[in-house]
Amino acid sequence: MVDFDAQISDADVRKLQVAALNFDPDVAEQVRDLTDTLDRYSPILARDAGARRALGDATDPSVWPILRQLWDITSAAHADPDPDDVPQLVSLSVSLARFTRNLVAAEPSNQERAFENEKAIRSLVYHYTSFHYTQDPTSFPATRMLAQALSNLITGNDALAQMLWTRYLNSPEEQLVLTRLFASPDARTVSSAFVLVLNCVHASPPRAELLTTSPRGPRICLTMLDRIASLFEAEESSEEGRAFDVGYEIFKRLIETGFVAELYTRLTVENEVVTPHQTTLLKLIDSYLHGSQSAHVLALSRRPGSNKNSLFEVLTEAFLALSSYTQHAINRALASGGSAPASDADLRTAHPPTDELPLLQNLDLLLPQVCEALLLVTQCLTTVTLRAEEAVAAYSGAASLTSKTTELSPKAILVAATASTGQGLVESLIETLRLVDLFVPRITYGKLVERPNPPISAEATESGQTSASAENSGGNQAVDGARKIQVAQAFAHVKRDLVRLLGILASENPTVQDRVRQCGGIPVIMNLCVVDDYNPYLREHAILTLRNLLSGNLENQAVVDAIKPVGRWDEEKILRNIQVVDTPPLR
């Protein structure tokens, strides 16, 4: 007799054998007897590696034919179950999956011999992730335990992980059990599914790459991103919070192995500037880069032998596309009526008064989501650029630092970047800042800052033009004020982060300083030197950016000197006593 730590013996294996030979899943008493037996051994196997090895190596009798028979019987019993038998089948699935999970844990030999049951386990996962069972919380333990059994089958076993991962990522879409697991309403099941994926891609760049290149890889990423998006606000100590942490680790592997840029591109949908899944991915990228001291190295590097763009290049292209969309959407919302950007005076006089909030006319409903993505991309670009600058400052004597990562610094790449329309990134920054500042109401110390109408010239008065807001005064000011606050909330932090990025690019860079002046950007930045509740530290970042634009640049300093005040700010932060001041054009 073989002694398994005096807790599991050959006699126990023979009991399992007898139970399997005579087992009828339709007989409730037999199901109870079998589950009691399995549940008695499972804790022993969980805590004792010696018991796992000894049970796996037993030959008189061997546990593996018994286990195979039990899985086959259990799988077959689920093919067309009697509704009255469902509770006992759930109990059977839980017990058998737990027993298998514990038996194979960290034992490669046991994993290899138990892997023949993967198909039966997968079929049960498919069964318990049908819509009917996802609405029945009593089935969640079975789904969760089956996912954990699959995970333990391949944990630390590269050959089995490769076999399972390749199989799952090449299955027909309707057979993708991973996507069905991520759709479960049970957070613990989702966490178990994330662990299964993480075990497959851990320490294996080739398997991580399959998430971007295999037929079903991007589809699985979509479902994972959907689930992660639903877990963003979860408490860190909750089941949902733990599931989020595991899901984040998966995408962290994709970032570190250099595949996230390609994944972002694969998630693109035709005729959409950004998708919700790309926005979720940007949040994960932003979080990772923010916490990494070597963010610039990772973001600028390309995989050996690959001609794909680096993450930084993909983010730069995304910035140009998002900022261009934002500009066109705001111009349409402001009803500029042409390709030229609308001026402040145009917007005040071009429209007849209506009961609707003027700023929301023709509003592109996707604009808030686009600006959210623009904000995330801007933060990523800023982080990478600052990390590179910090690295150069820390290792100022090491000229090879930049050459090892990229031929150009992040700042140089951004300064040279140009959209397909020919608009440079610097000019795009200025125009986006100008339009966002014009379009988004400013809230200061909890109060809406009413922007005064520009002065009406004598010629305008003679032609009969009047101030639209004067005609429309009174009315629904309270309603409009509430709407404007909602708009400000939807575009929070955008101006602050855009002006911060511009300040970084302008620092000690005469070319950027000149380009900003030439596109009329200096007054735009001066207008941002204000307090804005939804753009914390906007004034400080704008002042620093203005300082960087003026440093050592006499022409820019002359522009500021030529700008004359046209009124005064009162206690309500409203500009009063506006006067017309003619300023000669710049040459």
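What counts, and at which threshold
Numbering of residues starts from 1 in every chain and runs along the sequence as written. For a predicted model such as this one, the threshold for reporting local features is a pLDDT of at least 70, and the threshold for listing and counting side-chain atom pairs is 80 or more; totals across whole chains, interfaces and linings nevertheless cover every residue. As a rule here, side-chain values cover all heavy atoms of the structure and leave hydrogens and water aside. The way it works is that DSSP assigns letters per residue, a run of H or I at least four long becomes a helix, a run of E at least two long becomes a strand, and they are numbered from the N terminus. Each residue is assigned to one of three classes by its accessible area relative to the maximum for its type, calculated with a 1.4 Å probe on protein chains only: buried under 20%, partly exposed between the two thresholds, exposed over 50%. Any two residues having at least one pair of non-hydrogen atoms within 4.5 Å are treated as being in contact. Computed with a 1.4 Å probe, the accessible areas rest on the Shrake-Rupley method; for each residue, only the protein chains presented here act as cover. Exposure above 30% relative accessible area and no salt bridge define the residues that can form patches, which grow by joining like charges within 9 Å and nonpolar side chains of Val, Leu, Ile, Met, Phe, Trp and Tyr within 5 Å. Think of a salt bridge as a Lys or Arg side-chain nitrogen and an Asp or Glu carboxyl oxygen that are within 4 Å of each other. Think of it this way: Lys and Arg go in the positive column, Asp and Glu in the negative one, and His and the chain ends go nowhere. Here the site of a charge means NZ on Lys, CZ on Arg, CG on Asp, or CD on Glu.

1. So, the overall build of the protein
Right, on to step 1. Looking only at helices and strands, one finds 32 helices and six strands in the protein.
Right, on to step 2. Counting the 587 residues in the protein, one finds 49% classified as buried.
Right, on to step 3. Excluding contacts between residues fewer than 6 apart, the proportion of contacts in the protein whose partners are at least 24 apart in sequence is 76%.
Right, on to step 4. When the accessible area of the protein is evaluated, it comes to approximately 27500 Å², of which 52% is carbon and sulfur surface.

2. Points about unusual backbone geometry
Right, on to step 1. A positive phi is found at Ala106, a non-glycine position, where the angle reads about 55 degrees.
Right, on to step 2. With respect to the helices, strands and loops of the structure, Ala106 is situated in the loop between helix H5 (86-104) and helix H6 (108-114).
Right, on to step 3. Under the relative-accessibility criterion, Ala106 is labelled exposed at 62%.
Right, on to step 4. Phi at Ala203 is positive, roughly 55 degrees, even though this residue is not glycine.

3. Here we look at a negative patch on the surface
Right, on to step 1. A cluster of like negative charges, contributed by Asp24, Asp26, Asp80, Asp82 and Asp84, occupies part of the molecular surface.
Right, on to step 2. Checked against the element boundaries, Asp84 lands in the loop between helix H4 (63-77) and H5.

4. Topic: the pattern of salt bridges
Right, on to step 1. Evaluation of the coordinates by the stated rule reveals 25 salt bridges.
Right, on to step 2. Here Lys495 makes a salt bridge to Asp437, at a shortest N to O gap of 3.2 Å. One end of the pair, Lys495, is in helix H28 (residues 494-506); the other, Asp437, is in helix H24 (residues 425-439), with 58 residues separating them in the sequence. Here Lys495 matches Asp437 in class, with each residue buried.
Right, on to step 3. Through salt bridges with shared partners, a single network forms among Asp437, Arg442, Lys495 and Asp532.

These results come straight from atomic positions and should not be treated as a statement about function.
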